[in-house]
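Architecture and fold: a report
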Amino acid sequence: MTTDKTNPTVKSADRVLDIFELFAEADVRELSLMDISRRLELPTSSLFKILQNLVHRGYLEKDEHGKMFRLGYKIFQIGAKYAQHTNLTAEFQYVAQQIVAEVNEAVYLSIRSGRNILYIAERQSTHPVRFVSHLGMQLPLHTTAMGKLFLSSLSDEKLAELYQEEEELGLLTDTTISEWDVLKKQLDEIRRTGVSFSNGEAVQGVRCAAAPIVNANQEMIAAMSISIPLTRWKEETWNQMTELVVQGAKKLSWVHFYQPDESMRT
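For the structure given in this document, a descriptive report is provided here. Keep in mind it's a predicted model, so treat the numbers as computed, not measured.

**What to know about the nonpolar core**
Counting 28 residues, the largest nonpolar core has Phe92, Ile99, Val107, Leu109, Met224 and Ile226 as the members making the most contacts within it. For this core, the secondary-structure elements that each account for two or more residues are helix H5 (87-103), strand E4 (107-113), strand E5 (116-123), strand E8 (206-214), strand E9 (220-229) and helix H9 (235-257). Counting residues in hydrophobic clusters, the runner-up holds 27 residues, among them Ile117, Leu162, Tyr163 and Val214.

As structure tokens, then:
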């Protein structure tokens, strides 16, 4: 990683930014002090103090042994706050408001963050019993309808890069998918239908339906979902919810990422 030496910089600030960029570009989630020192060509003595300060402020986290570092919650909080001010999240609020007005169930927007989904926007129902996410909250991809959408958009090669061979899938609830063959069958079905479901796999007693938001190249860049507690679940309502979230995601894709050919304009 290099720094433009022609511009005046504050060395300590430069090093902090280099650390963040290193984690963003690294092929692994966690790095040790020696890893960071070697990759950035910085002395461990001064680097250690910077890392400890970033941990204290929540921008980095340490593992249980205190030897490995990874990005902390503060980074994702800032990212979520930034995302709230983008056109996508603003348009999401408009679309989600219409969905909530029809079925009065909560609607969410997420992006992928490594092996997790990151919640960046939501529109809540008026029911007293509901699943409430917190902006910046993360959940494992394989446990959520939106996360499984992101996984379905990846090739087998990319999936192998993301997960180690024969790696066990973590459990959040009794119904979380824990077997790779079961998950892969679901991913094949999602690729075929373009819609994803979860049944209490991340939050006990909550069902979700999700649809992808894609850019002009049909690449998935975000996901939209709607959730309902099983205590309110009815097949007719569920079918309506699924259709609404699919249409909502298509609208967001069209409004923000479809670029019509110039020759088609009048």
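There is more to say, and it comes next.
**Notes on empty space enclosed by the protein**
According to the stated counting rule, one finds 2 cavities of 30 Å³ or more in the structure shown. Considering only enclosed or pocket space, the largest cavity measures out at about 130 Å³ in volume. Together, 16 residues line the largest cavity, and Tyr119, Thr144, Ser198, Ala202 and Cys208 are the ones closest to its centre. Taken together, the elements giving at least two residues each to the lining of the largest cavity come down to helix H6 (145-152) and E8.

**A few points about the packing of aromatic side chains**
In total, this model carries 5 aromatic pairs according to the counting rule given. Here the aromatic rings of Phe20 and Tyr59 are separated by 6.1 Å at their centres, their planes lie at 45 degrees, and the arrangement is tilted. With Phe20 in helix H1 (residues 11-25) and Tyr59 in the loop between helix H3 (44-57) and strand E2 (60-62), this residue pair connects regions lying 39 residues apart in the sequence. In terms of burial, Phe20 and Tyr59 fall into one category: buried. With a centroid separation of 5.7 Å and 45 degrees between ring planes, the pair formed by Phe197 and Trp238 is classed as tilted. With a gap of 41 residues between them, Phe197 in strand E7 (residues 196-199) and Trp238 in helix H9 connect regions that are remote in the sequence. The exposure class of Phe197 is partly exposed, given its relative accessible area of 34%. Put simply, the rings of Phe197, Trp233 and Trp238 touch in pairs and so form one group of aromatic residues. The aromatic ring of Trp238 is capped on one face by Arg207, whose charged end is 4.4 Å from the ring centroid.

**Concerning the pattern of salt bridges**
Tallying each qualifying case throughout the model produces 8 salt bridges. Two residues, Glu201 and Lys148, come together in a salt bridge whose shortest N-O distance is 2.8 Å. One end of the pair, Glu201, is in the loop between E7 and E8; the other, Lys148, is in helix H6, and 53 residues separate them in sequence. Lys148 shares its class with Glu201; the two are buried. Linked through salt bridges whose partners overlap, the residues forming this network are Glu30, Glu61 and Arg70.

**Here we look at the environment of Thr176**
Note on placement: Thr176 falls in the loop between helix H7 (156-162) and helix H8 (180-193). Exposure remark for Thr176: the relative accessible area of 6% places this residue in the buried category. Considered as a pair, Thr176 and Ser198 are 22 residues apart in the sequence and their alpha carbons are 8.8 Å apart. In this structure Thr176 touches His142, Thr143, Gly170, Leu171 and Glu201, once residues within four positions along its chain are discounted. Among the polar contacts listed, one links the side chain of Thr176 to the backbone oxygen of Glu201, at a separation of 2.5 Å.

**Let's talk about the pairing of strand E3 (residues 68-71)**
Summarising the sheet, strand E1 (residues 31-32) and E3 pair through 2 bridges and their orientation is antiparallel. When the bridges of E3 are listed, Ser32 appears paired with Met68. Once E2 ends, the chain turns through 5 residues before running back antiparallel as E3, passing Gly66 with a positive phi of about 75 degrees.

**So, the packing of H1 against H3**
Here H1 crosses H3 at 70 degrees, and the two axes come no closer than 11 Å. By the angle between their axes, H1 is roughly perpendicular relative to H3. The residues of H3 that touch H1, namely those facing Arg15, Val16, Ile19 and Phe20, are Ser46, Leu47, Ile50, Leu51 and Leu54. Residue composition of the contact of H1 with H3, by class: 7 nonpolar, 1 polar and 1 charged.

**Structural notes on the sheet that holds E9**
If you walk across this open sheet you meet the 6 strands as E6-E5-E4-E9-E8-E7, and the pairing is antiparallel. Here the strands that pair on one side only, and so sit at the sheet edges, are strand E6 (138-140) and E7. Within the sheet, the average angular offset between the axes of one strand and its neighbour, ignoring direction, is 30 degrees. Across 3 bridges, the pairing between E5 and E6 is antiparallel. Along E6, the bridge assignment pairs Leu118 with Gln138. The sheet contacts of H5 involve E4, E5 and E9, and relative to E5 the element is tilted by about 65 degrees.

Cut-offs and rules
Residues numbered from 1 in each chain as written. Predicted model: local features only at pLDDT ≥ 70, side-chain atom pairs only at ≥ 80, totals over all residues. Heavy atoms only, no water. Core = buried A, V, L, I, M, F, W, Y, C linked by side-chain atoms within 4.5 Å. Buried < 20%, exposed > 50% of the residue type's maximum accessible area, 1.4 Å probe, protein only. Helix = DSSP H or I, 4+ residues; strand = E, 2+ residues; numbered from the N terminus. 1 Å grid on protein atoms, 1.4 Å probe; cavity = no way out; pocket = protein on both sides within 12 Å on 5 of 7 lines; lining within 4 Å. Points joined across faces, edges and corners; volume = space filled by probe spheres on them. Phe/Tyr/Trp six-rings, centres within 6.5 Å; stacked < 30°, edge-to-face > 60°. Lys NZ or Arg CZ within 6 Å of the ring centre and 35° of its normal. Salt bridge = Lys/Arg side-chain N within 4 Å of Asp/Glu carboxyl O. Contact = heavy atoms within 4.5 Å. Polar contact = N/O pair within 3.5 Å; in protein donor to acceptor, adjacent residues only side chain to side chain. Pairing = 2+ DSSP bridges. Axes fitted to C-alpha atoms, helices over the stretch in contact; angles between N-to-C directions. Parallel < 35°, antiparallel > 145°, perpendicular 65-115°, else oblique. Nonpolar A, V, L, I, M, F, W, Y, C, P; charged D, E, K, R; others polar.

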